Amino acid sequence: MSGDLDGIELREGIDIARIDELLAFYEREWWTQGRERADIERMLVGSDAVVAAVELDSGELAGFVRALSDGAFRSTIFDLIVARAWQGRGLGRALVERILATPALERCRRTDLVCREDMAAFYESLGFERSASDQIRMEWTRG
Ligand SMILES: CC(C)(COP(=O)(O)OP(=O)(O)OC[C@H]1O[C@@H](n2cnc3c(N)ncnc32)[C@H](O)[C@@H]1OP(=O)(O)O)[C@@H](O)C(=O)NCCC(=O)NCCS
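Novice: Hey, could you go over the nonpolar core for me, with residue numbers and the actual values?
Specialist: Counting residues in each nonpolar core, the largest one holds 25 residues, and the members touching the most others are A62, V65, L91, L95 and I99. For this core, the elements supplying multiple residues, two or more each, are α1 (19-28), β2 (49-55), β3 (61-69), β4 (74-82) and α3 (91-100). The leading source of residues in this core is β2, at six residues. Beyond its immediate stretch of four places on either side in the chain, L95 contacts L10, V51, A53, G63, V65 and L80.

So this is what it looks like as structure tokens:
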């Protein structure tokens, strides 16, 4: 990596030994709080692409992103998180670009994600567009 990201390595996959670091990331964010270790382990096995950013000096997790993909038509990005100390230096952008280039996503015609309104400009700067306004998102939650 160059510029502000000197000292960071992006790696496909994440070592299960980093699960505590990932748990700490998840505890900080509103949509991932309360996730349990066993479920996170299942989630990592079930994800089609995972990219971890590692700070080489400390060996610590600096960023994370994952995705599900059918390999051809559709994929969805989840859980983009950058460690506070690394925010604003291009790592979030680098993680999205890298996961779009992983084998699971690189041939997908469409990749989507869900975000809050205040994140839209960030994703637009990466080439994402708002979904057509006549489409809505439906969800079913296990009770
Ligand atoms: C959102 C997040 C991943 C961005 O990572 P980052 O490494 O700080 O972002 P970058 O440095 O790559 O920023 C890239 C660009 O997006 C902009 N940007 C970053 N966060 C933004 C935000 N919340 N809203 C609008 N623009 C934003 C930056 O200003 C930068 O613009 P530039 O290239 O013109 O300078 C990081 O702030 C984070 O982990 N936040 C908490 C978790 C979260 O909200 N994740 C997103 C869930 S949808």
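Novice: Outline the site of the ligand, supporting the account with residue identities and numerical values.
Specialist: What surrounds the ligand is a group of 17 residues, the closest being V82, Q87, G92, R93 and C115. Among the residues making up the shell around the ligand, the classes are represented as eight nonpolar, five polar and four charged.

Novice: Describe in detail the packing of α1 against helix α2 (residues 37-46), supporting the description with residues and values.
Specialist: The relative placement of two packed helices comes down to the angle between their axes together with the axis-to-axis distance. Put simply, α1 and α2 touch, their axes get as near as 11 Å, and they point 105° apart. By the criterion of interaxial angle, the relationship of α1 to α2 is roughly perpendicular. Contacts between α1 and α2 involve I19, L22 and L23 from the first element and R37, I40 and E41 from the second. Partitioned by chemical class, the residues of the contact of α1 with α2 number four nonpolar, no polar and two charged.

Novice: Would you mind going over the pairing of β2 in detail, with residue names and values included?
Specialist: Where burial is concerned, most of β2 is hidden: six out of the seven residues are buried. Looking at chain direction, strand β1 (residues 8-12) and β2 are connected through five bridges and run antiparallel. By the bridge assignment, E12 is partnered in β2 with V51. Two strands pair when backbone bridges link them, and β2 and β3 are joined in this way by six bridges, in the antiparallel orientation. Note on β3: the bridge partner recorded for V50 is R66. Counted between consecutive antiparallel strands, the loop separating β2 from β3 contains five residues, among which G59 sits at a positive phi close to 75°.

Criteria and cut-off values
Residues numbered from 1 in each chain as written. Predicted model: local features only at pLDDT ≥ 70, side-chain atom pairs only at ≥ 80, totals over all residues. Core = buried A, V, L, I, M, F, W, Y, C linked by C-beta atoms within 7 Å. Buried ≥ 20, exposed ≤ 12 C-beta atoms within 10 Å, placed from the backbone. Helix = DSSP H or I, 4+ residues; strand = E, 2+ residues; numbered from the N terminus. Contact = placed C-beta atoms within 7 Å. Near = placed C-beta within 6 Å. Nonpolar A, V, L, I, M, F, W, Y, C, P; charged D, E, K, R; others polar. Axes fitted to C-alpha atoms, helices over the stretch in contact; angles between N-to-C directions. Parallel < 35°, antiparallel > 145°, perpendicular 65-115°, else oblique. Pairing = 2+ DSSP bridges.

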